[in-house]
Each structure stands twice: as structure tokens, then as C-alpha cells.
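Residue-level structural notes
Here is how the chains run, residue by residue.
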Amino acid sequence: MSGEIIAIVTVGIALAGLLVGLFFWLLQDIKEVAERVGRLEYSQAKLEGLLEGLREAITGRVAT
């Protein structure tokens, strides 16, 4: 094999390793974002329930 082919193969292997590493890093970040969104959804639902209760207490009507 000539030096050029060895260099091309080496660069290809290095790029493949970089892509795999970046893929797993991105996958981990996506999981963290999904967890944060889940916590926000829970908090938002809790606040909506509190606001609905407050509305019912002020107006004396049940929201539909």
C-alpha cells in the first residue's frame, strides 16, 4: 500500500470515530432534555391545577 492510501484510510477511521462519539454525546443530551421537559410538564400541570382551584374559589363556579 502506498502512503496516500494509508493516510486516507486513517483519516476515514478517525472521522468515523469522531462521528460515533458525537452521536453518543448528542443522544445523552437528548435524554437529559427529555427529562427536563418531563419535569416542566409536571410542574405546569401542578400550577394549572392550582390556578383552576383558585379560579373556582374566587368565582364560585366549576370550570369546564
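Residues numbered from 1 in each chain as written. Predicted model: local features only at pLDDT ≥ 70, side-chain atom pairs only at ≥ 80, totals over all residues. Heavy atoms only, no water.

1. A few points about the overall build of the protein
For the record, the criterion: Counting from the N terminus, the helices are the DSSP runs of H or I reaching at least four residues and the strands are the DSSP runs of E reaching at least two. The quantity called the radius of gyration is restricted to C-alpha atoms. Its globule counterpart is 2.2 Å times the number of residues to the power 0.38. In this scheme, a residue with accessible area under 20% of its type's maximum is buried, one over 50% is exposed, and one in between is partly exposed, where area comes from a 1.4 Å probe on protein chains only. Using a 1.4 Å probe, the Shrake-Rupley method yields the accessible areas, and only the shown protein chains count as cover for residues.
Counting its regular elements, the protein contains 1 helix and 0 strands. Compactness check: the protein gives a C-alpha radius of gyration of 27 Å against a globular reference of 11 Å for 64 residues, more than 25% above the reference. Overall, the C-alpha framework of the protein stretches about 85 × 15 × 10 Å when taken along its three principal axes. Within the protein, the proportion of its 64 residues that are buried is 0%. As displayed, the protein offers around 5,900 Å² of accessible surface, 70% of which is attributable to carbon and sulfur atoms.

2. Brief notes about a nonpolar patch on the surface
For the record, the criterion: For patch detection, residues must exceed 30% relative accessible area and be free of salt bridges, and they are connected within 9 Å for like charges or within 5 Å for nonpolar side chains (Val, Leu, Ile, Met, Phe, Trp, Tyr). One side-chain nitrogen of Lys or Arg within 4 Å of one carboxyl oxygen of Asp or Glu is enough to make a salt bridge.
Together, Val-11, Leu-15, Leu-18, Leu-22, Trp-25, Leu-26 and Ile-30 make up an exposed nonpolar region whose accessible area comes to about 700 Å². Relative to the helices and strands, Leu-15 resides in helix H1 (residues 3-59). Residue class for Leu-15 comes out partly exposed when judged on its relative accessible area of 48%.

3. A look at the environment of Gln-44
Tracing the backbone shows Gln-44 in helix H1. Put simply, Gln-44 and Ile-5 are 39 residues apart on the chain and 58 Å apart in space, counted from C-alpha to C-alpha.

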